[in-house]
Each structure stands twice: as structure tokens, then as C-alpha cells.
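Each chain, letter by letter, is given below.
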Amino acid sequence: MKTIVAGVFKQTCLRVLDAVRETRETIVITKRGDPVAQLASVPRTREADWAGAMRGTGSILGDLVEPALEKEEWEALR
């Protein structure tokens, strides 16, 4: 596990963050020789893809374009 002094981390923060993301290695940040923080990468997760997320959970119970009511039951035609 690598260590870095807090002052150096402060100066090179963005570069250190990029290195942790690429190498997936944990870095301990020290202040006056004492460890005060640990910088670790976040576990990689698959990006949420909502397209198709509900695939296979529904079922078609009839004709999708057929009216729900018979013509005789339509209130507008009365």
C-alpha cells in the first residue's frame, strides 16, 4: 500500500485520484507521519441501463389494438 504526505496530496490531488482510478491501488495519506486517511477506488459497477430493464416481466393478454369495450358500450356513440 502506498503512502503520501498530506501536503503533497494537497498539491497533486487530481493526479493522485486519476492514479487510484487507473491502478485500483489504495493510498494512505499521512500527516506528520501518522496515517489520517485512506484513498481507495470505488468498485466498478455496470452503468444503469434502463432500456430493457423490465424485459420479460409482462405478458400480453389480448389484442393490443382492439378497443377495450364493444361499440355498443361506447358512451360517445349513444
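What this report covers is the structure whose coordinates are included nearby.

The rules behind these values
Residues numbered from 1 in each chain as written. Predicted model: local features only at pLDDT ≥ 70, side-chain atom pairs only at ≥ 80, totals over all residues. Heavy atoms only, no water. Helix = DSSP H or I, 4+ residues; strand = E, 2+ residues; numbered from the N terminus. Buried < 20%, exposed > 50% of the residue type's maximum accessible area, 1.4 Å probe, protein only. Patch = residues over 30% accessible without salt bridge, like charges linked within 9 Å, V, L, I, M, F, W, Y side chains within 5 Å. Areas by Shrake-Rupley, 256 points an atom, 1.4 Å probe, with all protein chains shown as cover. Salt bridge = Lys/Arg side-chain N within 4 Å of Asp/Glu carboxyl O. Core = buried A, V, L, I, M, F, W, Y, C linked by side-chain atoms within 4.5 Å. Contact = heavy atoms within 4.5 Å. Pairing = 2+ DSSP bridges. Lys, Arg positive; Asp, Glu negative; His and termini not counted. Charge placed at Lys NZ, Arg CZ, Asp CG, Glu CD.

Here we look at unusual backbone geometry
- Non-glycine residue Arg24 carries a positive phi angle of around 60°.
- Its place among the elements puts Arg24 in the loop between α2 (13-23) and β2 (27-31).
- Of note, the phi angle at Arg32 is positive, near 55°, even though the residue is not glycine.
- Mapping Arg32 onto the fold places it in the loop between β2 and β3 (34-39).
- For Arg32, a relative accessible area of 80% gives the class exposed.

What to know about a nonpolar patch on the surface
- A grouping of Ile60, Leu64 and Val65 is seen on the molecular surface, where their side chains present a nonpolar patch of about 380 Å² in accessible area.
- Structurally, Val65 can be placed in the segment after β3.

Observations regarding the nonpolar core
- Within the largest apolar cluster, seven residues are counted, these being Ile4, Phe9, Val16, Val20, Ile27, Ile29 and Leu39.
- If you list the elements that add at least two residues to this core, you get α2 and β2.
- The contacts of Leu39, once residues within four sequence positions are left out, are Phe9, Val16, Leu17, Val20, Glu25, Thr26, Ile27 and Ile29.

Describing the side chain of Thr12
- Relative to the assigned elements, Thr12 resides in the loop between α1 (6-11) and α2.
- The buried category is assigned to Thr12, whose relative accessible area is 18%.

Quick look at the pairing of β3
- Looking at chain direction, β2 and β3 are connected through five bridges and run antiparallel. Across the sheet, the residue bridging to Thr30 is Pro35, located in β3.
- Connecting the antiparallel pair β2 and β3 is a turn made up of two residues, with Arg32 showing a positive phi of about 55°.

With respect to a negative patch on the surface
- On the surface, Asp63, Glu66, Glu70, Glu72 and Glu73 cluster together into a patch of negative charge.
- Within the fold, Glu73 resides in the segment after β3.
- We classify Glu73 as partly exposed; its relative accessible area is 42%.

Here we look at the environment of Lys10
- Along the chain, Lys10 falls in helix α1.
- Put simply, Lys10 and Glu73 are 63 residues apart on the chain and 74 Å apart in space, counted from C-alpha to C-alpha.

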